[in-house]
Amino acid sequence: MSAGLPGGGQRRRLALTGVGGAVAKGRDFTRRALRDWGWDGTETAEDALLLVSELLTNASLHADGCRELVLTAGETLRIEVHDATTVLPLLHPAPRRGTPGGHGLHIVQRLSDRWGTDTHEHGKAVWAEIEAARLKSGRPTGP
């Protein structure tokens, strides 16, 4: 584990119900958490930010908005986006290159080590995980 993480990991929550600019706020929230946990400055950290963007965008477009973003750090980084619908996301056949839309879950599948959904009585959480080892050893970004 990174020196910035407590032995049992850490969980951070960002309430997003009724919040404008949820994607930008979620990315900023995630960027700060990754920096605090010593997982910033790599291509894998950039992948985590893209996962947050895709999951929040999907909730905004297909699930009447986001309720909460939850980040859990431990042996993995788990990114959860909670919404108020129990309708499960569908991974459609790959869209044609150059066409807008329909790429979100394909991006999530490609960048994460695992992803899925958990339903509960008030909606669902769509989640993605990245192994902590990838976040620690990912290729650095920038000069």
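The coordinates are above.
Here's a quick rundown of the structure.

Rules and cut-offs
Residues numbered from 1 in each chain as written. Predicted model: local features only at pLDDT ≥ 70, side-chain atom pairs only at ≥ 80, totals over all residues. Heavy atoms only, no water. Pairing = 2+ DSSP bridges. Helix = DSSP H or I, 4+ residues; strand = E, 2+ residues; numbered from the N terminus. Axes fitted to C-alpha atoms, helices over the stretch in contact; angles between N-to-C directions. Contact = heavy atoms within 4.5 Å. Parallel < 35°, antiparallel > 145°, perpendicular 65-115°, else oblique. Left-handed = near helix turned anticlockwise from the far one by under 90°. Nonpolar A, V, L, I, M, F, W, Y, C, P; charged D, E, K, R; others polar. Salt bridge = Lys/Arg side-chain N within 4 Å of Asp/Glu carboxyl O. Buried < 20%, exposed > 50% of the residue type's maximum accessible area, 1.4 Å probe, protein only. Core = buried A, V, L, I, M, F, W, Y, C linked by side-chain atoms within 4.5 Å.

## Describing the sheet that holds strand β5 (residues 123-131)
- An order of β1-β2-β3-β5-β4 is seen for the 5 strands of this open sheet, with the pairing classed as antiparallel. Strands with a single pairing partner mark the edges of an open sheet, and in this sheet they are β1 (10-15) and β4 (114-120). Neighbouring strand axes in the sheet, compared pairwise and without regard to direction, differ in orientation by 15 degrees on average.
- The sheet strands contacting helix α1 (residues 22-36) are β1, β2 (68-73) and β3 (76-83), and the helix crosses β1 at an angle near 160 degrees.
- With respect to the sheet, helix α2 (residues 43-62) is in contact with β2, β3 and β5, its orientation differing from that of β3 by roughly 15 degrees.

## Some remarks on the packing of α2 against helix α3 (residues 104-111)
- Running from N to C, α2 and α3 point in directions that differ by 150 degrees, and their axes come no closer than 9 Å. Here α2 is positioned roughly antiparallel relative to α3, judged by the angle of their axes. Seen along the crossing, α2 lies across α3 with a hand that is left-handed. For the pair α2 and α3, the contacting residues are Asp47, Leu50, Leu51, Glu54, Leu55 and Asn58 in the first and Gly104, Leu105, Ile107, Val108 and Leu111 in the second.
- Considering only residue class, the contact of α2 with α3 consists of 7 nonpolar, 2 polar and 2 charged.

## Let's talk about the pattern of salt bridges
- Under the defined criterion, the tally for this structure stands at 11 salt bridges.
- Arg12 is paired through a salt bridge with Asp36; the nearest N and O atoms lie 2.9 Å apart. Of the two residues, Arg12 is situated in strand β1 and Asp36 in helix α1; the sequence distance between them amounts to 24 residues.
- What makes Arg12 partly exposed here is its relative accessible area of 21%.
- Since its relative accessible area comes to 42%, Asp36 is described here as partly exposed.
- Where Arg134 meets Asp113, a salt bridge forms, and the shortest distance between an N and an O atom there is 3.1 Å. Placement of Arg134 in helix α4 (residues 132-137) and of Asp113 in the loop between α3 and β4 is noted, with a sequence separation of 21 residues between them.

## Side note on the environment of His62
- In this structure, His62 sits in helix α2.
- When its relative accessible area of 61% is taken as the criterion, His62 is described as exposed.
- Taking the C-alpha atoms as reference points, His62 and Pro89, separated by 27 residues in sequence, lie 8.3 Å from one another.

## A few points about the nonpolar core
- Counting residues in each nonpolar core, the largest one holds 30 residues, and the members touching the most others are Trp39, Leu69, Leu71, Leu77 and Ile79.
- Looking at this core, the elements with two or more residues in it are α1, α2, β2, β3, α3, β5 and α4.
- Ranked by residues supplied to this core, first place goes to α2 with 8 residues.

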